[in-house]
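# Breakdown of the fold
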Amino acid sequence: MASFQCKCGYILSNSQAPDDVTIWAYTDREWDEITTDITDIVDLPNPRNSVWRCPSCETIYVFDEQNKLKKRYILDPEL
């Protein structure tokens, strides 16, 4: 369970389940590696990277396995 302040000021938290912050994302290679032995969805491991989306401004944050911020994606204002 963690919290993080978005650049817009919104406090992101994954302390409640379900939440509107956590996005479960696996790479194709990661998915292939883990699904060969999985028979029940409960056995799915967490993805290597944590992906969070701010419900206020929709900025996407990607954290590594040590919970260090790796990437931040912001919306293109022209779209």
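What comes next concerns the included structure. (Residues numbered from 1 in each chain as written. Predicted model: local features only at pLDDT ≥ 70, side-chain atom pairs only at ≥ 80, totals over all residues. Heavy atoms only, no water.)

### Concerning the packing of aromatic side chains
Applying the stated criterion across every chain yields a total of four aromatic pairs. Arranged with centres 5.0 Å apart and planes meeting at 70 degrees, the rings of phenylalanine 4 and tyrosine 61 form a pair that is edge-to-face. Linking phenylalanine 4 in strand E1 (residues 3-5) with tyrosine 61 in strand E5 (residues 60-63), this pair joins segments that are 57 residues apart in sequence. Note on phenylalanine 4: relative accessible area 25%, which makes it partly exposed. A residue is classified by how much of its surface remains accessible, and tyrosine 61, at 1% relative accessible area, is buried. Within the aromatic cluster, the residues linked to one another by ring pairs are Phe4, Trp52, Tyr61 and Phe63. (Phe/Tyr/Trp six-rings, centres within 6.5 Å; stacked < 30°, edge-to-face > 60°. Helix = DSSP H or I, 4+ residues; strand = E, 2+ residues; numbered from the N terminus. Buried < 20%, exposed > 50% of the residue type's maximum accessible area, 1.4 Å probe, protein only.)

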